[in-house]
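# Structural features, examined
Chain by chain, the residues run as shown.
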Amino acid sequence: MIAPLTISFRVNGRDRSIAVAPNHTLLDVLRDDLGLTGTKECCLVGECGACTVLLDGRSVDSCLVLAAEVDGGEVTTVEGLAVDGQLTAVQGAFLDTGAAQCGFCIPGQIVSAHALLAATPSPDREQVEEALAGNLCRCAGYEQIIEAVLLAAEAPARPATRATPMTGDIAARPDARTAPQ
Ligand code: FES
Ligand code: FES
């Protein structure tokens with residue numbers, strides 16, 4: 001048996017130190033060790049984007065990152081985007097445009113949108129399409145997703161009209177582990 005490694009990193013603003021198997025990915029650690037199941041598990045080969053998180057401000061497929069690689073780093077998952085229960089402009093825009101259908105791809109889409117808008121606050125449609133090209137949506141809700149990102153870019157301080165404050169234990173909510181067929 002291979003000895004576990006202890007890694008220390010910051011997740012959603014909280015310092016964590018955890019023993020991980022050398023072959024475990026960041027996705028394994030987030031979902032199975034830390035209970036952050038907003039980050040979805042799907043293809044596991046870097047093709048769908050369901051597992052997208054921010055690592056030191058860059059969007060990455062967490063299924064392709066070994067947990068050991070994040071030692072000393074900073075990770076933000078979809079659970080870490082809203083502050084004090086207030087949805088971000090991107091999250092609100094996804095609600096307002098009805099961008100979520102089954103919802104499985106949406107955490108990854110939202111994280112990618114945040115990475116885009118941090119680097120390019122006023123993207124055009126082509127830039128949005130390019131930034132989200134690695135996030136697949138089986139429900140094919142691409143038009144509303146792009147519309148949501150453009151809406152958030154137009155009005156980054158705009159409150160969502162349909163948003164409700166988030167309450168309760170996110171980790172305890174029902175979670176689909178695999179993508180819809
Ligand atoms: S689960 Fe990581 S890219 Fe699909
Ligand atoms: S809303 Fe994208 S996969 Fe269903």
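Since we're looking at a predicted model, the values are computed, not measured. (Residues numbered from 1 in each chain as written. Chains lettered and ligands numbered in written order. Predicted model: local features only at pLDDT ≥ 70, side-chain atom pairs only at ≥ 80, totals over all residues. Heavy atoms only, no water.)

Quick look at helix α1 (residues 26-33) now. For α1, the full list of buried residues reads Leu 26, Leu 27, Val 29, Leu 30 and Arg 31. In this fold, the buried residues of α1 make contact with β1 (5-11), β2 (14-20), β3 (52-55) and β5 (74-76). Remark: Gly 35 follows α1 within two positions and exhibits a positive phi of approximately 70°. (Buried < 20%, exposed > 50% of the residue type's maximum accessible area, 1.4 Å probe, protein only. Helix = DSSP H or I, 4+ residues; strand = E, 2+ residues; numbered from the N terminus. Contact = heavy atoms within 4.5 Å.)

For the rest of this paragraph, the subject is the environment of Ala 3. Here Ala 3 is to be found in the segment before β1. Counting along the chain gives 16 residues from Ala 3 to Ala 19, while the straight-line C-alpha distance between them is 9.4 Å.

With 14 residues, helix α3 (residues 106-119) extends 20 Å between its outermost C-alpha atoms, agreeing within 8% with the 20 Å of an ideal straight helix rising 1.5 Å per residue. By the criterion of burial, α3 is predominantly enclosed, with 12 of the 14 residues buried. Inspection of α3 places Ile 106, Pro 107, Gly 108, Gln 109, Ile 110, Val 111, Ser 112, Ala 113, His 114, Ala 115, Leu 116 and Leu 117 among the buried residues, and these make up the whole buried set. For α3, the elements touching its buried residues are β3, β4 (58-61), α2 (89-96), α4 (125-131) and α5 (142-154). (Expected span 1.5 Å × (residues − 1).)

Moving on, we get to the packing of α3 against α5. Contact pair α3 / α5: the axes reach a minimum separation of 11 Å and the direction vectors enclose 35°. For the pair α3 and α5, the sense of crossing is right-handed. Listed contacts from α5 to Ile 106, Gln 109, Ala 113, Leu 116 and Leu 117 of α3 are Ile 145, Val 149, Ala 152 and Ala 153. For the contact of α3 with α5, a count of residues per class yields eight nonpolar, one polar and no charged. (Axes fitted to C-alpha atoms, helices over the stretch in contact; angles between N-to-C directions. Left-handed = near helix turned anticlockwise from the far one by under 90°. Nonpolar A, V, L, I, M, F, W, Y, C, P; charged D, E, K, R; others polar.)

What follows is about the confidence of the model for the chain. Caution applies to low-pLDDT regions: their predicted coordinates should not be interpreted in detail. Of all residues in the chain, 87% have pLDDT values of 70 or greater, and the mean over the chain is 90. In this model, residues 165-178 is a region of pLDDT below 50 whose contacts with residues beyond four sequence positions or in other chains number 19 contacts. (pLDDT = per-residue confidence, 0-100.)

The next subject is the environment of Gly 46. With respect to the secondary-structure elements, Gly 46 resides in the loop between α1 and β3. When the C-alpha positions of Gly 46 and Ser 62 are compared, they lie 8.4 Å apart, and in sequence the two are 16 residues distant. In this view, Gly 46 contacts Asp 61, Cys 63 and Leu 64; residues no more than four positions away in its chain are not counted.

On to the nonpolar core, then. Val 90, Phe 94, Ile 110, Leu 117, Ile 145 and Val 149 are the most contacted members of the largest nonpolar core, which totals 25 residues. Of all the elements, α3 adds the most residues to this core, at seven residues. Dropping the residues within four chain positions of it, Ile 145 is found in contact with Phe 94, Ala 99, Cys 105, Ile 106, Gln 109, Leu 132 and Cys 137. (Core = buried A, V, L, I, M, F, W, Y, C linked by side-chain atoms within 4.5 Å.)

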